[in-house]
Amino acid sequence: MINQIRGFLLERGIVVRQGLRFLRQQLPDILAKRADVLSPRMVRIVAELAGDWRRLDERIETVTDEIEALAKSDDSCRRVMTVPGIGPIISSAMVAAIGNGAAFARGRDFSAWLGLVPKQMSTGDRTILGRISKRGNGYLRTLFMQAARVILLRSANWPKHGFGLWLVRAAQRLHPNVLAAALANKLARIAWTVLAQERSYEARVTKAAA
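Residues numbered from 1 in each chain as written. Predicted model: local features only at pLDDT ≥ 70, side-chain atom pairs only at ≥ 80, totals over all residues. Heavy atoms only, no water.

**Student:** Got a minute to help me understand a nonpolar patch on the surface in this structure?
**Tutor:** There is a patch of nonpolar side chains on the surface, built from M1, L56 and I60 and spanning about 240 Å² of accessible area. Classification of L56 as partly exposed rests on a relative accessible area of 33%. (Patch = residues over 30% accessible without salt bridge, like charges linked within 9 Å, V, L, I, M, F, W, Y side chains within 5 Å. Areas by Shrake-Rupley, 256 points an atom, 1.4 Å probe, with all protein chains shown as cover. Salt bridge = Lys/Arg side-chain N within 4 Å of Asp/Glu carboxyl O. Buried < 20%, exposed > 50% of the residue type's maximum accessible area, 1.4 Å probe, protein only.)

Structure follows, in structure tokens:
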């Protein structure tokens, strides 16, 4: 919906700074004052799209509140939410998809099911790791990737999450996208462990990372 609005405005030479809040702030003024480039019909079309956007936001907020309430009332979801970067949406989606995690023997099996493990190619006595397989549950994989990117944006919090030393070293040698996939893999393994073992996540903070 937002892209449609931006597209119509851009066709008329009206450029709005990237970001949802900038479009939300500037759209009323644009519709009210840019009659020089927006015809009455185009103003009506964009205004209707803006109305649809507001109604979608209201629906999203209602459903989000329901998901949060359900997640907070479920023991398994509450345990998964102790993992850094994981909130009600990821925890509820994970529990809905795999229950108590008993279908997997270990965390690596779960991350492989998500498609977060690298493809392996063997030649002679060497094993070469390629890109992540992207097989399995694409929705959950996307959520874990988003969680990883959120954590990476806040490097000051890495030590308290227990990822400090590992992330600092990995960030020095890995491309940002590869680093995000590696962290998503780690988060998925941890999430499966706390779910399957029925315990909360406890960060291990080393002296070097503290």
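**Student:** Even after reading the chapter, I still don't get a negative patch on the surface, so can you show me in this structure?
**Tutor:** Residues E58, E61, D65, E66 and E68 make up a contiguous surface patch of negative charge. Note on placement: E68 falls in helix α3 (residues 40-72). (Lys, Arg positive; Asp, Glu negative; His and termini not counted. Charge placed at Lys NZ, Arg CZ, Asp CG, Glu CD. Helix = DSSP H or I, 4+ residues; strand = E, 2+ residues; numbered from the N terminus.)

**Student:** Please explain the environment of G19 as it appears in this structure.
**Tutor:** Its place among the elements puts G19 in the loop between α1 (2-11) and α2 (20-33). For G19 and I2, which are 17 residues apart along the polypeptide, the C-alpha to C-alpha distance reads 9.9 Å.

**Student:** Got a minute to help me understand the nonpolar core in this structure?
**Tutor:** Soluble globular proteins tend to bury their nonpolar side chains together. Counting 39 residues, the largest nonpolar core has M94, F110, F144, F163, L167, L183 and L187 as its most contacted members. Breaking this core down by element, the ones donating at least two residues are α4 (75-80), α5 (88-98), α6 (107-114), α7 (138-153), α9 (164-173) and α10 (176-196). Core analysis: the second largest hydrophobic core is formed by 14 residues, I14, V16, M42 and A50 among them. (Core = buried A, V, L, I, M, F, W, Y, C linked by side-chain atoms within 4.5 Å.)

**Student:** Hey, could you run me through the packing of α1 against α2 in this one?
**Tutor:** Angle between the axes and distance between the axes: these two values describe a pair of packed helices. At their nearest, the axes of α1 and α2 sit 12 Å apart, and the two run at 50° to each other. In terms of orientation, α1 lies oblique with respect to α2. In this structure, α1 crosses over α2, and the sense of that crossing is left-handed. For the pair α1 and α2, the contacting residues are I2, I5, R6 and L9 in the first and L20, L23, L27 and I30 in the second. For the contact of α1 with α2, the residue count by class is 7 nonpolar, no polar and 1 charged. (Axes fitted to C-alpha atoms, helices over the stretch in contact; angles between N-to-C directions. Parallel < 35°, antiparallel > 145°, perpendicular 65-115°, else oblique. Left-handed = near helix turned anticlockwise from the far one by under 90°. Contact = heavy atoms within 4.5 Å. Nonpolar A, V, L, I, M, F, W, Y, C, P; charged D, E, K, R; others polar.)

**Student:** Would you take a moment to explain the side chain of N185 for this structure?
**Tutor:** Tracing the chain through its elements places N185 in helix α10. If we skip the residues at most four places from it in the chain, N185 touches S111, L116 and V117.

**Student:** How should α2 be read in this particular structure?
**Tutor:** The first and last C-alpha atoms of α2 sit 20 Å apart over 14 residues, in line with the 20 Å expected at 1.5 Å per residue. Largest kink in α2: about 40°, centred on Q26, with the proline P28 one to four residues after it. Listed as buried for α2 are F22, L23, L27 and I30. Summarising the contacts, the buried residues of α2 are in contact with α1 and α3. (Expected span 1.5 Å × (residues − 1). Bend = angle between axes of the 7 residues up to and from the residue.)

**Student:** Sorry if this is basic, but what is going on with the packing of aromatic side chains here?
**Tutor:** In this description, an aromatic ring pair is defined by two values, namely the gap between the centres and the angle between the planes. Counted according to the given criterion, the structure contains 5 aromatic pairs. Considering the side-chain rings of F110 and F144, the 6.2 Å spacing of their centres and the 80° angle between planes classify their relative orientation as edge-to-face. Note that F110 is positioned in helix α6 and F144 in helix α7, a separation of 34 residues in sequence. Per residue, the accessibility class of F110 equals that of F144, and both read buried. Look at F163 and Y201: their rings are 6.4 Å apart centre to centre, the planes differ by 40°, and that puts the pair in the tilted class. Of this pair, F163 sits in the loop between α8 (158-161) and α9 while Y201 sits in the segment after α10, and the two are 38 residues apart along the sequence. By relative accessible area, which is 18% here, Y201 ends up buried. (Phe/Tyr/Trp six-rings, centres within 6.5 Å; stacked < 30°, edge-to-face > 60°.)

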